[in-house]
Structure formats: C-alpha cells, structure tokens
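Residues per chain, in single letters:
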Amino acid sequence: MGEEVVPREVFARKASGLVREASFLDAFAFGFLNQGPAIAIWMLLSWGVFLFPSGDLLGSVLLSVLFTLPGVALVWGILGASMPRSGGCYVYNTRIIHPAVGMAVSVGDYFIWWLWIVILAPWVADPGLTTLFGMLDMVEAAEWVKTPVGMFTVATTVNLLGYLFTFYGIKWYLLHQKVVLTLSLITLGLVALILGTHSNADFVAAWNAAAAQYGSLDYASMIDAAKGSSPEVFNPVMPVLFGTLGLMVVNSWWAHYGWAVNVIGGEVKRPQRNIMAAQYGAIIVPAILATIFAIIFPNLVGTDFMKALAIADNAGLEGYNMPFPANFVGITRVFLDISNPIGAILTALAALSLILADYIWIPMSYVAGSRIVVAWGMDRMGPKWFSEVHPKWASPVKNLTFIFLTSELGIVLYSLFPEWFAGLAVTATECVSIWGVTAIAATIFPFRKSVRSIWETSPYKNWKIGPIPLVTVGGIIDLIYIGILLYFFYTNPGLEGVTELAIIWFTGLWIFGALWYYFWKWKWKKEGIDIDLAWKVLPPE
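Note that the coordinates shown come from a computational prediction; the quantities given were computed from them, not determined experimentally.

Scoring rules and cut-offs
- Residues numbered from 1 in each chain as written.
- Predicted model: local features only at pLDDT ≥ 70, side-chain atom pairs only at ≥ 80, totals over all residues.
- Heavy atoms only, no water.
- Helix = DSSP H or I, 4+ residues; strand = E, 2+ residues; numbered from the N terminus.
- Polar contact = N/O pair within 3.5 Å; in protein donor to acceptor, adjacent residues only side chain to side chain.
- Contact = heavy atoms within 4.5 Å.
- Phe/Tyr/Trp six-rings, centres within 6.5 Å; stacked < 30°, edge-to-face > 60°.
- Lys NZ or Arg CZ within 6 Å of the ring centre and 35° of its normal.
- 1 Å grid on protein atoms, 1.4 Å probe; cavity = no way out; pocket = protein on both sides within 12 Å on 5 of 7 lines; lining within 4 Å.
- Points joined across faces, edges and corners; volume = space filled by probe spheres on them.
- Nonpolar A, V, L, I, M, F, W, Y, C, P; charged D, E, K, R; others polar.
- Core = buried A, V, L, I, M, F, W, Y, C linked by side-chain atoms within 4.5 Å.
- Buried < 20%, exposed > 50% of the residue type's maximum accessible area, 1.4 Å probe, protein only.
- Expected span 1.5 Å × (residues − 1).

## A closer look at the side chain of Asn 274
So, point 1. Tracing the sequence through the fold places Asn 274 in helix H14 (residues 271–301).
So, point 2. A polar side-chain atom of Asn 274 sits 2.6 Å from the main-chain carbonyl oxygen of Lys 269.
So, point 3. Excluding residues within four positions of it along the chain, Asn 274 makes contact with Ser 23, Phe 24, Val 268 and Lys 269.

## What to know about the packing of aromatic side chains
So, point 1. Under the criterion given, the structure shown has 45 aromatic pairs.
So, point 2. Put simply, the rings of Tyr 110, Trp 376, Trp 385, Phe 386, Phe 402, Phe 512, Trp 516, Phe 519, Trp 520, Trp 522 and Trp 524 touch in pairs and so form one group of aromatic residues.
So, point 3. The lysine or arginine in question, Lys 523, covers the ring of Trp 524, its NZ or CZ lying 4.1 Å from the ring centre.

## Overview of the layout of surface pockets
So, point 1. The volume enclosed by the second largest pocket comes to roughly 410 Å³.
So, point 2. Lining the second largest pocket are 19 residues, and of these Val 107, Tyr 110, Trp 376, Phe 402 and Phe 512 lie nearest its centre.
So, point 3. Elements represented by at least two residues in the lining of the second largest pocket include exactly helix H6 (99–135), helix H17 (361–378), helix H18 (397–416) and helix H22 (500–526).
So, point 4. It is H6 that provides the largest number of residues to the lining of the second largest pocket, a total of five residues.
So, point 5. Here the lining of the second largest pocket is composed, by residue class, of 15 nonpolar, four polar and no charged.

## Quick look at the nonpolar core
So, point 1. Ranked by internal contacts, the top residues of the largest apolar core, which has 197 residues, are Phe 203, Trp 207, Met 222, Phe 293, Phe 328, Trp 376 and Met 381.
So, point 2. Top element by residues in this core is H6. It accounts for 23 residues.
So, point 3. Ignoring sequence-local partners within four residues, the contact set of Trp 207 consists of Leu 217, Asp 218, Tyr 219, Met 222, Phe 305, Leu 309, Tyr 320, Met 322, Phe 324, Ile 331 and Val 334.

## With respect to helix H15 (residues 303–314)
So, point 1. With 12 residues, H15 should cover 16 Å at 1.5 Å per step; its first-to-last C-alpha distance of 17 Å lies within 8% of that length.
So, point 2. For H15, the secondary structure elements touched by its buried residues are helix H2 (37–51), helix H3 (57–68), helix H10 (200–214), helix H11 (219–229), helix H12 (231–234) and H14.
So, point 3. Downstream of H15 by a residue or two, Gly 316 has a phi angle that is positive, lying close to 85 degrees.

## Some points on empty space enclosed by the protein
So, point 1. Taken as a whole, this structure holds five cavities of 30 Å³ or more when the rule is applied.
So, point 2. There is about 130 Å³ of room inside the largest cavity.
So, point 3. In this structure, the largest cavity is lined by 15 residues; those nearest its centre are Ser 16, Leu 18, Arg 85, Ser 86 and Pro 540.
So, point 4. Considering each element in turn, the lining of the largest cavity owes the most residues, four residues, to H17.
So, point 5. Residues of the lining of the largest cavity, tallied by class, amount to eight nonpolar, three polar and four charged.
So, point 6. Space inside the second largest cavity adds up to approximately 100 Å³.
So, point 7. The wall of the second largest cavity is formed by Asn 34, Gln 35, Trp 116, Leu 120, Trp 253, Tyr 257, Trp 361 and Thr 427.

Printed below as a string of structure tokens:
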C-alpha cells in the first residue's frame, strides 16, 4: 500500500510489533461486547421508555438496523479493510482529512476510552454488585459497595484485572474475551428464558407476593403511583414517529459501538474480510437480542407497568421498597426462590449478565487506548515510548501501565466526587467527533488525491451504486443517522447532550490534539524528518 514511497525514517519503527492474532470470532466479540448487550437492553427498556414513552420499541430496533447496517457497519468495514492498522479513526482521519484534524479527534477518542475505565469500573460496584446483592437480599453488602471505600475497592480490583489481562499481549486478552462472551450469552439467555416462560398473570401474582413480603407497592398500586408521579410518561405529547426516532438514540448503545473492532485492525487476521463481517455481526446479533426482549418484556409486565418500572428506575418512586432494581434483570427475582441453592445460583447468574457487560469495557479500554497511542507513536506523534511494544508479549506495556496509573487517580476522584463526571455527555460528543468526522472521511475517501494509492488498493474500490462508491453512500447514510441522534441529544434535556462541562473539556482536548500535531511536526522538521510524507501512506504493519 505504498509504504516504500516514503523514506523509512519517516515512521518511528520498521514494524509496529503488534501481531495478527484475532480471528473473525475474536473481532466480532470485540465489537459485540463493546455494544454492552445486557446494559444496552436495560437502557432501551428503562431509560428509553422513560424518555420516549410514545416510541415503538420494535419499530425503533428496526429503524436502527436499517440505518446502521448500510451506514456505520459499511463505513467502518470498508475503512478497516482499506487501512488494516490498529488505532481506529486516527489512521483514517489523518490520511483522508488532515493530520491535525485526525490528531484532534483521536485525542478525544483516547480520553473517552480512558474515561470509560474511570466511570465504568465503579459501575461494577453500582449498579452491578448492588443489583446482585439486592437480588440476593444482601442489603448490607449492597449498601457497602455504594460507599466511597467500597466503590474504590471494587473499581480498583476491576481495573487491576483489566490491566493484567491485557499486559501480556492480545492473545491472552482474546482468550479472556471468549470466556466473557460465552458467559454473557449464557446469562442473558437465562434472563430471556425466565421472562419468556411466564405469563402476565404469573408475573402479577409473583409481583404482588413479593410486594407483600417487602412492604412495597403491589402491581396496581405501582401503576397508580407512577401515573401520579410522572403523568407525562403515560400521556406523552410527542408523536409516535418522533418517539420511535428518539429511541434510536438509546439503541445506539447496541447499534453503533461495533466500530471499536477497527481499533485492533492491525491485529485481525484476514482484515479485508473479517473486519467487515465483524462489523455486521456486531449489529445483527444485538439487534436480535433487542428484538427478543422488546417483545417478551412488555408482554410479560404490561405496557403501563413497564412505564411504572421505568419511572422507578430512573426517577425513583415513593413506595417502591423492593431490594432489587426496577429493571428487566431485577424483576426476574420475583420468579426465583433464593432460599434454595438453585434459586440463589440462578439469581446470581441473572445479575451477572449486567456485571459482565460492564466489566469487559475495562480491559477493552486498555486494548483500545494503548493501540491508539501506538498508532500516534508510529507516525512520530509523541515520544519514543509511545510506539514501543514488548518483543516477547507483543504488548505496549508502557502505554498500558500509563493508563493504569492515571485511571487509578481518576477512580479515586470518581469514588469521592461522582457528580464531577455527570455532565461530560460522552455519547453526544462521540457523535460529533469520532462518528461524525469519520463518516465525513469515508464519504470523501474515494475522491481524495492524497490517499489515492490507498484507495486504489482497497478491496472495496469497485463496490458502487451506479457511479457512486459504496463507501460514499454508507458515509452519507451514517451522517443522516448521526444527525437524527444529535437532534434528540440537543433537544431532549434528559439526554444531557449539551453541557458546559462537556464543551469545555472536549474543546480543550481537540485544541490540544491539533497543537500536539503541530508541535511534533515542528520538532521532527528541525531534525530533518518530513513527517508530512507519512500521511500519504499507511504506517508499517
């Protein structure tokens, strides 16, 4: 792909040091698990119903699939196959648009992966372990993990595991990922089985029995209390179509995050085929799961009670005294007898579906963040250690260690002051930055003379609709999809799409990223190396 066009000293190393260990299944699992299937379904059935009660659940799943299969999956599949290197959007945007833009967006991307560790490791404590302990009637344990000491202890343990499972190379991470994938599918399947094998009458009877046991609202009383607490959820003014489109924002958790496959593009075997296939699989499988739960959950609990649960889960509801959360996993508890070992085990496995979905984001963030920095280092966008990869483990151990140490500081702050992180609006920012800019890059990819040599060697250069390259069509579809998301992010206050904190942080990061590029360009030019030549080709494998 034109590597010999530029002098070798333009790049920091003759080879990245990373190895192609990931099969199609591994690449699919990376994208699928980044969608956080159990948490994404929770968001749809709880947060989605609360914010967009007029929306049609099944319709929103269908619309999300219709936009993302020909949009994000196609865009990132073609980009990943055309530029099969680790680092994700950094590689694409620096080559196609401009290195300053690519660097600015990538700094924001790196910060988001780092932020996921800082925020989501504590999430294993709450809502993860609080759900588990609540479902097992372990009230004191559930309260302890919510304290600063408990949250820090759990989060640090999880963070250390994420660090260790990635420290010794991608091979060990992928083995660990297979275990998490298997357990995730088993536990989520168990939740579907419990919910799907009971009728509405069964649920009402079981709920009322549990309500009597815990002094909580019974089925009918909970609906009445919810109607009095949040009448707008039961009488929405938003038309059905707009509500359904709004649900697409919540669905983006399982429909748009498969792009993460490309962060390990330089470690995927047969990337020209497997990255594209993994992108599609990472949308289709979660869509099937979302469809199943969008059918069985409202049929089981009833539409009004589903709304009541959403209110209790998101805004709180006076009189709700159940020890388990008011979500699709928590309510399985009413069918399970924890006084016997089998019931307790099944309860724990059901809760584990949420814990696993959250936990895997920690080691995944280590993999992604470290690969982004290696890509910077290969282009001489940083000190020498950025590009260093351990020769035995094929692992960027210094980058991983840096992430661990700095994220621990972040976890301390989150455990003590979680409200500091509340207004960062990460997903809305990703829409503008990572998703939006990369969709623009894909749209113009075939027409940019600066990357003509890369496009000419793409296995998808002849994929067209009439005279229009398919990657351009996919980019336009993805931009329309992103535009819909942004509209609701910025018009629905509950989504917190625009916050002062987010604007300050990410504007600062983008400016820093652009200045970082110009600083290293100036530095290397002083030493006689013209790194502008790097952006015309791909870095070495």
